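If you want the building blocks of each chain, they are given just below.
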Amino acid sequence: MSFLHLSLIAGLAVVTVPIMLHLFGQKQPQMIDFPALRFVRQTRQEQSSSWQLRHFLLLLLRILLLAALALALARPRVHSAMLGSVLGVTGVAVLAALASLIAAVAFVSKRPFSVWLTCTVIAIALWASAGLWGARSLSSGPSVPTSDSSAPIAAALIIDNSPTMGYQAGNQTRLEAAQEMSTWILDQLPLDSRVGVLSGAPVGALALDPNTAKSQVKIVEVRALHVDLLSQIRTALDLVLANELERKEIYVVTDLMSPSWNSVQTDLIALLNQHKDEVLVQIIDIGETSFNNWQLSDVEADFYTLPAGGDVTFTVNVYRVDSVASDKVSTVSVELFQEAIDPNLPVVSNGELMTPDSRVVDRVNVDIKSGGSATVELKATALAAGTHHFTIRLDQPDPLMIDNQRYVTVVAREQQPTLIVANDTELARQLKLLVDIRGARAEDGSSLVEDIRYAQLSRVELEKYDVVCLLDPPPMSESMATRIKEHVMGGGGLLTILGPNLGSPDQIRGNALESLLPGTPSQVLARQPSDRSAFLVPVALTHPVFHELAAMDDQVPWYLFPIFRSITFGSLVDGAVVLANLSTEDNPPVLVSHKIGRGQVLTLTTPLPETEVRGAPLWNELWIGTDPWPAYALLLGSFQTLSGADQANLNFAAGSPVNLENDTFRWPSRYQLFAPNAQTRRADTTDGQLALGKFERAGIYRLRGMRNQPVTRGFSINAAADDTQLMRLDSVQLDERLGEHNYRVARNRNEVESSVGQARFGRELYPLLMVFVAALFLAEQAMSNRFYKLQLSRGARVRASAKVSSSRVVTSREGV
């Protein structure tokens, strides 16, 4: 316990006044020689024990009244955590006083021995309990905070700038409300306080004064990644404990949305509990319980890399969330914006980012009621070669805009350098014409598509080619298979078309070529030429392999092109995807896709193309006839798909590291990176990688470099849909994360002032003491009125008796 005005404790000396008056204010008895003893009985009554008890109680009340008044004016304080103990001790002491009074009255009134003895024992027990409880609380309880309101404070200010802090209510966002509250808190701190502002960026020490900290608060922005508030509180606790200032406080300004409170800090509760009497943890809730929000989920694209001229389909879910459920149905439009490709943009002009124009390429209207959702598919067609940026946007006005739009980046690629390996020169020529009918040339004038025999494969630099096609390969040496596998692992594409040259399954098993296949070959399925019941059936029409057939959907007459022989696999490797199978009952795969490292492998289990050779069994009729257009389309889609096999997904969640492959033989080695807020920086290639770091702002990021001519690339950053969920923590959940009684919660400035004031200066006992003073005053008045009334009535009776006695004496004398 401490006192705000310690000097006023000296006022306790005033309690001596009623004692002195009691001792010296009474009239001394006068000795009168009077023979009559008629008043002796009355005198003994006035000096009886009952009379003395009343007189003592009145004296005691006056002493307590003056002592309580002096204590109240001294403004005693206790730590907030001890208030319950103080009230408990006071209650026990009051009960002890009542028990003592009852015991005294019982003794004076000559009640039975057992009555006043029982009361005395109870009183002694209560006094002992109050004394022990009070001594233990004072010795083991927390010390009272300093009463010096100007003492500096070690303060850590945590500002929640998660995506939900962009929610707008009225004319300001939650982050703007948090900034106002934070600025006001800093204004309340003494000027020589030390402050640290935690808003996502690391802070090593409390190095700011309140005025400098206010400038830091102003530049805090909503980011697309949730804040790990529990980790921030843990860091803030370390910072304030390491500071030498006595007063230590942590402020967390947040909307209490659950995504920011879901991390695991195993030792946080124990640390907060250990230092709860030393460090104030003040949660300031600036969120609202009522809300409404339209939300787009994370976007899924059927392809992130596709052949030039291809189509891409985006799938996204639309949600409507309201704090108050309603059956009213609302209509919202979901629009797909496609940005044009312009090698001369982006640029920054007058501090603004100039980007290519965007246009709406697809739009879908959906009807949703409160709490409902809908799945939407949006499509962009005939994509030109290059990097394409898309924005999916809701046209519905919404308080939380960050989840009303999503960004997607896809790449459409032209045919890349391709190597066709085949022993049949005619089949190789047909494939070469199919892949590059225009005879495209590289920068040095060489053909982009070349064909060789298997005997020449060991002398070829595979690194020059993006796609390698092995047509009807024979058994392969270990070294050659390893070279091809390493090429694929580095991002190359491989099309393996199996045929009779591979031999029987027994010959295939154990061959080095097996490491390039999607599984272990088990047998060769064979049918008679008269059996035309088996044909190719696509099972993944949305795959870019079937891009050229997408318009036909399931109308392609595959049954006109039967398959008589194909190689089957006992089992497929993990991650293998069957794109087409046979129409037979067991549905063995015909076309399989799988990954090796960063590269993609497509495997056809029957030869295509195939020429009809006299005396040799025909494996299929996919290439036979006057118009085998499905086979042409299938092969063309395969080559175009593998041309983009080295392209990774260019779409990242906020806070994820962004690393892009950047082969300097194809791309510039240096770029200018343009962020959505018009900030720019240089990006250099290191070991074939663009390590760009992490980004916390949602939007499209563009890269612009130069390689004989301007080259543009880019990627997209999105806030995860889970980070924009409007789900508030309740008190129970907050207790589970911080521990009960380890923190305080306030919602406005008045509550903050009250809460922080109690923590800084403890709880004043002045109001309670003044109530006690009023009670003592009323008791003193009641007893004194009763006491003097009784004294006056007895004095009147004494005087009346004296007159009667005097008259009797006079009469006796006259008679004498």
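Use the structure listed above.
To start, this report covers the structure provided alongside it. From a predicted model like this one, the values you see are computed outputs, not experimental measurements.

**Quick look at the sheet that holds strand β23 (residues 493-497)**
Taken together, eight strands build an open sheet; the order of strands is β21-β20-β22-β23-β29-β28-β27-β25 and the sheet is mixed. Both edges of this open sheet fall to β21 (449-452) and β25 (536-538), since each of them pairs with a single strand only. Taken over all neighbouring pairs, the strand axes of this sheet differ in orientation by 15 degrees on average, direction set aside. Taken strand by strand, helix α10 (residues 425-435) contacts β20 (418-421), β21 and β22 (467-471), and its axis lies near 170 degrees from that of β21.

**Some details on the packing of helix α6 (residues 174-188) against helix α7 (residues 210-218)**
Where α6 contacts α7, the axes come no closer than 9 Å and their chain directions differ by 175 degrees. By the angle between their directions, the pair α6 and α7 is classed as roughly antiparallel. Residue-level contacts link Gln179, Ser182, Thr183, Leu186 and Asp187 of α6 to Pro210, Ala213, Lys214, Val217 and Lys218 of α7.

**Some thoughts on the sheet that holds strand β18 (residues 386-394)**
The strand order across the open sheet built from five strands is β11-β19-β18-β13-β16, with neighbouring strands paired in mixed fashion. For this open sheet the edge positions go to β11 (305-307) and β16 (358-369), each flanked by a neighbour on one side alone. Within the sheet, the average angular offset between the axes of one strand and its neighbour, ignoring direction, is 25 degrees. One ladder, built from three bridges, connects β11 with strand β19 (residues 405-413); its direction is parallel. Looking at β19, one finds that Pro307 is bridged to Arg413.

**Focus on helix α13 (residues 629-643)**
In this model α13 runs 21 Å from its N-terminal to its C-terminal C-alpha over 15 residues, within 8% of the 21 Å that 1.5 Å per residue would give. Within α13, 12 of the 15 residues are buried, which leaves the element mostly enclosed by the surrounding structure.

**Focus: empty space enclosed by the protein**
Inspection of the entire model under this criterion finds one cavity of 30 Å³ or more. Contributing to the lining of the largest cavity are Glu339, Ala340, Ile341, Asp342, Leu345, Pro346, Pro356, Thr387, His389, Arg702, Thr712 and Arg713. Elements with a minimum of two residues in the lining of the largest cavity: β18 and β36 (709-718). Residue classes in the lining of the largest cavity are distributed as five nonpolar, three polar and four charged.

**Quick look at unusual backbone geometry**
Across the chain, the bulk of peptide bonds are trans and the bulk of non-glycine residues have phi less than zero. Residue Leu345 is joined to Pro346 through a cis peptide bond whose omega torsion reads 15 degrees. Mapped onto the elements, Pro346 comes out in the loop between β13 (329-339) and β14 (347-349). The omega angle of the peptide bond from Leu608 to Pro609 is 5 degrees, so this bond is cis rather than trans. Considering the arrangement of structural elements, one finds Pro609 in the loop between β29 (599-604) and α13. One non-glycine residue with positive phi stands out, namely Asn350, at about 55 degrees. In this structure, Asn350 sits in the loop between β14 and β15 (352-354). For Asn350, a relative accessible area of 78% translates into the label exposed.

**Thoughts on the environment of Leu634**
Relative to the assigned elements, Leu634 resides in helix α13. For Leu634, a relative accessible area of 1% gives the class buried. Remark: the alpha-carbon pair of Leu634 and Glu548, spanning 86 residues in sequence, is separated by 7.4 Å. When neighbours within four sequence positions are excluded, Leu634 is seen to be in contact with Leu536, Val545, Phe546, Leu591 and Leu608.

**Quick look at the pattern of salt bridges**
In the structure shown here, the tally under the stated rule is 19 salt bridges. We note a salt bridge from Asp267 to Arg234, for which the minimum N-O separation is 3.2 Å. Here the residue Asp267 occupies a position in the loop between β7 (247-254) and α9 (268-274), and Arg234 occupies one in helix α8 (residues 229-242), the gap between them amounting to 33 residues. Judged by its relative accessible area of 31%, Asp267 is partly exposed. Linking Arg728 and Asp285 is a salt bridge whose minimum nitrogen-to-oxygen distance equals 2.7 Å. With Arg728 in the loop between β36 and α14 (731-738) and Asp285 in strand β8 (residues 279-285), this pair connects stretches of sequence that are 443 residues apart. Connected through salt bridges with shared partners, the residues Arg234, Asp238 and Asp267 form a single ionic network.

Rules and cut-offs
Residues numbered from 1 in each chain as written. Predicted model: local features only at pLDDT ≥ 70, side-chain atom pairs only at ≥ 80, totals over all residues. Heavy atoms only, no water. Pairing = 2+ DSSP bridges. Helix = DSSP H or I, 4+ residues; strand = E, 2+ residues; numbered from the N terminus. Axes fitted to C-alpha atoms, helices over the stretch in contact; angles between N-to-C directions. Contact = heavy atoms within 4.5 Å. Parallel < 35°, antiparallel > 145°, perpendicular 65-115°, else oblique. Expected span 1.5 Å × (residues − 1). Buried < 20%, exposed > 50% of the residue type's maximum accessible area, 1.4 Å probe, protein only. 1 Å grid on protein atoms, 1.4 Å probe; cavity = no way out; pocket = protein on both sides within 12 Å on 5 of 7 lines; lining within 4 Å. Points joined across faces, edges and corners; volume = space filled by probe spheres on them. Nonpolar A, V, L, I, M, F, W, Y, C, P; charged D, E, K, R; others polar. Salt bridge = Lys/Arg side-chain N within 4 Å of Asp/Glu carboxyl O.

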